[in-house]
Amino acid sequence: IEKCLLNSNQTFNSCTAALATIPAGWKPTGIAFTTVNGTQYAYVADISGNVYQCGLNISGDFNSCSVTSGAPSAGWKPIGINFATFNGTQYAYVADISGNLYQCPINSSGNFGQCNPTPIPQILWFPTSVIFATSNNIVYAYITSPLELSSHVFQCGVGSTTGNLNLCNATPES
């Protein structure tokens, strides 16, 4: 993982490694940042079967990375991650190469609680990333699903107290 300065024309400049010591078997596929109890962390989804929680130093480099707890099974292979808070509980949403999207509560030290799959709202979806946005005071999750025969971005309603996904529909293409 590299960290780069961004030029005024939106190009990268002065890229350097963000992590001095790379964990064994490291195969990062997604990254997101969140703050837990006033401390900012990077979380790295790793297709090898882990999500790493990495501390950040003052220069933005990772100063330590450790595997989070709460993985749903020994066979999961995370490819994307993002965060949202509902009813005072912070959650990680982790897309897995098997086609699941997991919701994991975050505890006060930034580790995952038990990760559970969100209900699969579509038969033909393969979530790879999720982002949250609010429109007219309604929270939506937008989930990319690049299946070859049905590539879509899905818009899902989100339960305001539970963070559970509901009523997912493919967004119009035009």
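Above: the structure in question.
Structural notes, computed from the coordinates. (Residues numbered from 1 in each chain as written. Predicted model: local features only at pLDDT ≥ 70, side-chain atom pairs only at ≥ 80, totals over all residues. Heavy atoms only, no water.)

### A closer look at the state of the cysteines
Scanning all chains against the criterion turns up 3 disulfides. Here Cys-54 pairs with Cys-65 through a disulfide, and the sulfurs are 2.2 Å apart. Disulfide Cys-54 to Cys-65: torsion about the S-S bond roughly 110°, handedness right-handed. Of this pair, Cys-54 sits in strand 5 (residues 50–56) while Cys-65 sits in strand 6 (residues 62–67), placing them 11 residues apart in sequence. Note on Cys-54: relative accessible area 0%, which makes it buried. By relative accessible area, which is 24% here, Cys-65 ends up partly exposed. At a sulfur-sulfur separation of 2.1 Å, the disulfide partner of Cys-104 is Cys-115. Since a negative S-S torsion denotes a left-handed disulfide, the Cys-104-Cys-115 link at about 115° is right-handed. Note that Cys-104 is positioned in strand 9 (residues 101–105) and Cys-115 in the loop between strand 9 and strand 10 (116–117), a separation of 11 residues in sequence. In this structure, Cys-104 and Cys-115 share a single accessibility class: buried. (Disulfide = S-S within 2.5 Å. Helix = DSSP H or I, 4+ residues; strand = E, 2+ residues; numbered from the N terminus. Buried < 20%, exposed > 50% of the residue type's maximum accessible area, 1.4 Å probe, protein only.)

### Here's the deal with a nonpolar patch on the surface
Together, Ile-1, Ile-31 and Phe-33 make up an exposed nonpolar region whose accessible area comes to about 250 Å². Within the secondary structure layout, Ile-1 lies in the segment before strand 1 (2–6). Accessibility expressed as a relative area gives 34% for Ile-1, which makes it partly exposed. (Patch = residues over 30% accessible without salt bridge, like charges linked within 9 Å, V, L, I, M, F, W, Y side chains within 5 Å. Areas by Shrake-Rupley, 256 points an atom, 1.4 Å probe, with all protein chains shown as cover. Salt bridge = Lys/Arg side-chain N within 4 Å of Asp/Glu carboxyl O.)

### Considering the environment of Trp-76
When you line up the elements, Trp-76 lands in the loop between strand 6 and strand 7 (78–86). On the basis of relative accessibility, which here comes to 3%, the residue Trp-76 falls in the buried class. Between the C-alpha atoms of Trp-76 and Pro-23, which are 53 residues apart in sequence, the distance is 18 Å. With residues up to four places along the chain from it excluded, the contact list for Trp-76 reads Gly-49, Val-51, Ala-71, Val-94, Asp-96, Tyr-102 and Cys-115. At a separation of 3.4 Å, a polar atom in the side chain of Trp-76 contacts the main-chain carbonyl oxygen of Gly-49. (Contact = heavy atoms within 4.5 Å. Polar contact = N/O pair within 3.5 Å; in protein donor to acceptor, adjacent residues only side chain to side chain.)

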